[in-house]
Amino acid sequence: MEAAIFDLLLRWVHFLAGLIWVGHNYSSVVQRPTYRPLCAEDLSNDDSPRFQALLHREHGVFRWASVVTWSAGLLMLWHRGTLGGALSLHAALAPIGIGMYIGTLMMLNAWFVLWPHQQKVLGLVPATIAERLRCSRISHLSSRTNTMLSLPLLFFMAAGAHGGAYLFK
């Protein structure tokens, strides 16, 4: 019984943290579909309303949600004894393994591409205006990449749990 409760807890942590992580990406695209990276005039005055809105919106929750989602997913696979099969894309575990690899790529993108550049854009790390403008474009593309990767990620995660494994027999 304890194993079932632990599995249920992991599943809900994975699900809720995933909602926060992926939801942040989607809300960014849906709420601001015509968003453009910063331009020189946006950064000429760090007190501008646009810059302040950008600064206050960045709270980092989505980055930590990626770690919690990823960790809970790996722990769930390990607890069930299926981590090795998912890592090797073995038979029926191939869809969940593909989803796991996409999720890993997304988390690494958030931490090692998006966040370092976003720190410069937000002024948390010293950078010239030219560097901040370049980093704004990279942050924009990195965020959109994660948003687009979330579609196949969700497909493969759902396929692994709801019969999509028949495609990989």
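Here, every reference points to the structure presented above.
Numbers given for residues are sequential positions, taken from 1 along each chain in its written order. Side-chain atom pairs in this predicted model are given and counted only at pLDDT of 80 or more, local residue features only at pLDDT of at least 70, and totals for whole chains, interfaces and linings cover all residues. Note that the side-chain values use all heavy atoms of the structure and ignore hydrogens as well as water.

> Sorry, what's going on with helix H4 (residues 61–80) here?
For an α-helix, the turn length of 3.6 residues means that residues three or four places apart are oriented alike. In a regular helix each residue adds 1.5 Å, so 20 residues correspond to 28 Å; H4 covers 28 Å between its end C-alpha atoms and thus fits that length. Taken together, the buried positions of H4 are Phe62, Arg63, Ala65, Ser66, Thr69, Ala72, Gly73, Met76 and Leu77. Where helices and strands are cited, they refer to DSSP runs of H or I of at least four residues and of E of at least two residues respectively, numbered from the N terminus. Helix span is expected to be 1.5 Å times the residue number reduced by one. The buried label goes to any residue with under 20% of its type's maximum accessible area, the exposed label to any with over 50%, and the partly exposed label to all in between, with areas taken from a 1.4 Å probe on protein chains only.

> What's the story with the environment of Gly85 in this structure? I'm lost.
Tracing the backbone through its elements, the reader meets Gly85 in helix H5 (residues 83–87). Here the alpha-carbon distance between Gly85 and Ile96, two residues 11 residues apart in the chain, equals 9.5 Å. Here a residue-residue contact requires only that any non-hydrogen atoms of the pair lie within 4.5 Å. Non-local contacts of Gly85, meaning those with residues more than four positions away in its chain, are made with His90 and Leu93.

> When you look at a nonpolar patch on the surface in this model, what are you seeing that I'm missing?
Residues form patches when they are more than 30% accessible in relative terms and have no salt bridge. Like charges link within 9 Å. Nonpolar side chains (Val, Leu, Ile, Met, Phe, Trp, Tyr) link within 5 Å. Areas reported here follow the Shrake-Rupley algorithm with a probe of radius 1.4 Å; residue values treat only the protein chains shown as occluding. Every case where a carboxyl oxygen of Asp or Glu lies within 4 Å of a side-chain nitrogen of Lys or Arg is listed as a salt bridge. On the surface, Phe6, Leu9, Val13, Val68, Leu75 and Trp78 cluster together into a nonpolar patch covering about 530 Å² of accessible area. Put simply, the parts of the chain that give the nonpolar patch at least two residues each are helix H1 (2–31) and H4. The topology assignment puts Trp78 in helix H4.

> Would you explain the nonpolar core in this entry?
Generally speaking, soluble globular proteins have nonpolar side chains that are buried together. Grouped together as the largest cluster of nonpolar side chains are 10 residues: Trp21, Phe62, Ala65, Ile102, Met106, Met107, Trp111, Leu114, Leu153 and Phe156. The set of elements that each furnish at least two residues to this core consists of H4, helix H6 (94–121) and helix H7 (129–161). Among the elements that line this core, the one with the most residues is H6, at five residues. The residues touching Leu114, leaving out its near neighbours within four places in the chain, are Phe62, Asn109, Ser139, Ser142 and Ser143. By convention a nonpolar core is built from buried Ala, Val, Leu, Ile, Met, Phe, Trp, Tyr and Cys residues, the set being connected through side-chain atoms within 4.5 Å.

> Explain the packing of H4 against H6 here, please?
A pair of packed helices can be characterised by two numbers: the angle between their axes and the separation between those axes. For the pair H4 and H6, interaxial distance at closest approach is 10 Å and the crossing angle is 155°. Classed by the angle they form, the pair H4 and H6 counts as roughly antiparallel. Judged by the sense of rotation from one axis to the other, the crossing of H4 with H6 is left-handed. Contact residues: H4 offers Phe62, Arg63, Trp64, Ser66, Val67, Trp70, Leu74 and Leu77, while H6 offers Ile96, Met100, Gly103, Thr104, Met107, Ala110, Trp111, Leu114, Trp115 and Gln118. Of the residues assigned to the contact of H4 with H6, the class counts are 13 nonpolar, four polar and one charged. A fitted line through C-alpha atoms represents every axis, and for helices the fit uses only the stretch in contact; the resulting angles, taken between N-to-C directions, go from 0 to 180 degrees. Every angle not falling under 35 degrees, over 145, or within 65 to 115 is termed oblique; those three ranges are roughly parallel, roughly antiparallel and roughly perpendicular. Should the near helix be turned anticlockwise from the far one by less than a right angle, the crossing is left-handed, and should it be turned clockwise, the crossing is right-handed. We call Asp, Glu, Lys and Arg charged. Ala, Val, Leu, Ile, Met, Phe, Trp, Tyr, Cys and Pro are nonpolar, and the rest, Gly among them, are polar.

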